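Structure at a glance
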Amino acid sequence: MRPTFKKLEVKDLGDLEKLVAENVEGIEAGLKVIDTRLVLGQAAIDLVSLDSQGLLVLIALDFTADEGLLLRAMDAYSWCLEYPDAIQRLYPMARISTDRPPRILFVVERLTDSFLRRIKQLSFLEIDCIEFRHLEVNGTSALYFDLVQRLRKSAAAE
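Before going further, it helps to spend a moment on the pattern of salt bridges. Tallied over the entire structure, the rule returns 12 salt bridges. For arginine 103, the salt bridge is made with glutamate 126, and the minimal N-O distance between the two is 3.7 Å. Taken as a pair, arginine 103 in strand β5 (residues 103-110) and glutamate 126 in strand β6 (residues 126-137) lie far apart in primary sequence, 23 residues in all. With respect to burial, arginine 103 and glutamate 126 carry one shared label: buried. One salt-bridge network, held together by shared partners, links Glu28, Asp51, Arg103, Glu126, Asp128, Arg150 and Arg152.

This is the structure in structure tokens:
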């Protein structure tokens, strides 16, 4: 029997947030969501996670990568750098330090070339850009993640 595939549409960001939270291990083994819709200063980050080493990961979600998504993530990231004690109080289980700032994951349905060019110019230490596909495979819902861009800058360069 041949497998059947059908693209499923994600209706809104709330649905996307729920799908990603439920399937976050598909992005990275050991990744765990610990909070949703966190407001950091004037910016909201969609999901807050811990990786397998207990390091903080900020996950920004949208359907298309655009300047609004980038600015939102930058504001949240900057707030984390400015107020590490507040983040540590919020998430005492997280390993937070100035030499290991939060990692940022952008999870979108479609990444644009201009978005990828912009993030390469930023001074974030670690950014992952991931595209998602919501599919029906043989009648079962599945979420597929594709790592499009991984940026790692050394702390010494900072």
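All right, on to the state of the cysteines then. Taken as a whole and judged by the stated rule, the model has 0 disulfides. Between cysteine 129, a free cysteine, and cysteine 80, which holds the nearest cysteine sulfur, the sulfur-to-sulfur gap is 18 Å. A relative accessible area of 0% places cysteine 129 in the buried class.

As for its position among the elements, aspartate 46 is in strand β3 (residues 43-50). Using a relative accessible area of 12% as the deciding quantity, one classes aspartate 46 as buried.

Okay, the packing of aromatic side chains next. In total, this model carries 2 aromatic pairs according to the counting rule given. With a centroid separation of 4.9 Å and an interplanar angle of 40°, the aromatic rings of tryptophan 79 and tyrosine 83 are classed as tilted. Assessed through its relative accessible area of 21%, tryptophan 79 is described here as partly exposed. Aromatic side chains phenylalanine 106 and phenylalanine 115 sit 5.0 Å apart centroid to centroid with 90° between the ring planes, which places their arrangement in the edge-to-face category.

Calculation rules
Residues numbered from 1 in each chain as written. Predicted model: local features only at pLDDT ≥ 70, side-chain atom pairs only at ≥ 80, totals over all residues. Heavy atoms only, no water. Salt bridge = Lys/Arg side-chain N within 4 Å of Asp/Glu carboxyl O. Helix = DSSP H or I, 4+ residues; strand = E, 2+ residues; numbered from the N terminus. Buried < 20%, exposed > 50% of the residue type's maximum accessible area, 1.4 Å probe, protein only. Disulfide = S-S within 2.5 Å. Phe/Tyr/Trp six-rings, centres within 6.5 Å; stacked < 30°, edge-to-face > 60°.

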